[in-house]
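# Summary of the model geometry
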Amino acid sequence: MQVAEGKLVYPGDKLGTHEEWMPGEGTYEEDGVIYSKVLGKVKYDEDKLEAIVEAVNPVSSVGIGDVVYGTIRDKRSSMATMTINVIEGRSRSVRTDLDGTIHISKMSDDYVDSVEAVFLKGDIVRAKVLQMDPSVQLSTMGKNFGVVRGYCFNCRRPMERKGNLLYCESCDRRETRKLSKLYGKIKMKSK
Ligand SMILES: [Zn+2]
């Protein structure tokens, strides 16, 4: 079993067995099988007998208008930074490490007074790509965009939606977010 050279593979795709090749850059081995660690193109190094996956630039795979899912990494007074993990509508989950920014004016259709009331670090957010260059700008305006999974500030457990708020049963705690209508309805693969 061998994947053709130059073929585009996704993280977790089987490349071959340990008997044929050694796991090279961009790959890993599990139970004698070599898998791709990244989104990229397959290469074989005949000298070293290594299977390699050359990562393709994830920037080129995300475009304006794409709907993306990501994790809130950081917040400032007028913006939040999100690492884009997945692009919606691709046949496979494309994991990237691309960061995008959500400006306070693009977080909600309603006026946002403070980023604190909208996102919390670690929240999973569904957003739309507004701009790629010179920086990635995202929007969570509209009913379907915003937090799709939020974690309790106190205990970090996933929270339940109660009306317009998030609720943690173990802490009996309510928190505000800019919620997506799809909150709790999206299946998330564990990392
Ligand atoms: Zn809690």
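Just so we're clear, the structure is a prediction, and the values are computed from it rather than from any experiment.

## Some points on the overall build of the chain
Secondary structure assignment for the chain yields zero helices and 16 strands. Summarising its shape, the C-alpha atoms of the chain cover approximately 60 × 40 × 25 Å along the three principal directions. Looking at the chain residue by residue over its 191 residues, the buried ones come to 28%. Looking at the chain alone, contacts between residues at least 24 apart form 49% of all its contacts between residues at least 6 apart.

## Regarding the pairing of strand β11 (residues 124–131)
Remark: a regular strand shows side chains that alternate across the two faces of the sheet. In the sheet, strand β8 (residues 67–75) pairs with β11 via five bridges, with the strands oriented antiparallel. Considered in β11, the bridge of Y69 is made with R126. Here β11 runs beside strand β13 (residues 146–149); their pairing, made up of three bridges, is antiparallel. Each residue of the ladder has a partner; that of R126, found in β13, is G146. Across three bridges, the pairing between β11 and strand β12 (residues 137–139) is antiparallel. Residue pairing across strands places K128 opposite S139, the latter belonging to β12. Counting the residues between successive antiparallel strands, the hairpin from β11 to β12 contains five residues.

## Section: the pairing of strand β9 (residues 79–87)
Summarising the sheet, β8 and β9 pair through seven bridges and their orientation is antiparallel. Note on β9: the bridge partner recorded for V68 is I87. Linking two consecutive strands that pair antiparallel, namely β8 and β9, is a turn of three residues. Where β9 lies against strand β10 (residues 98–103), six bridges are found, and the strand directions are antiparallel. Within the sheet, the bridge partner assigned to M79 lies in β10 and is H103.

## Structural notes on the sheet that holds strand β3 (residues 22–23)
Strands sit in the order β1-β6-β7-β3 across an open sheet of four strands; the sheet is mixed. Each edge of the sheet is formed by a strand with only one pairing partner; in this case those strands are β1 (8–9) and β3. The pairing of β1 with strand β6 (residues 40–45) spans two bridges and is antiparallel. Within β6, the position partnered with L8 by the bridge is K41.

## Notes on the confidence of the model for the chain
A residue-level look at the chain finds 91% of positions with pLDDT of 70 or above and a mean pLDDT of 88. Confidence, read as mean pLDDT per element, is least for β1 in the chain (84) and greatest for β12 (98).

Analysis parameters
- Residues numbered from 1 in each chain as written.
- Predicted model: local features only at pLDDT ≥ 70, side-chain atom pairs only at ≥ 80, totals over all residues.
- Helix = DSSP H or I, 4+ residues; strand = E, 2+ residues; numbered from the N terminus.
- Buried ≥ 20, exposed ≤ 12 C-beta atoms within 10 Å, placed from the backbone.
- Contact = placed C-beta atoms within 7 Å.
- Pairing = 2+ DSSP bridges.
- pLDDT = per-residue confidence, 0-100.

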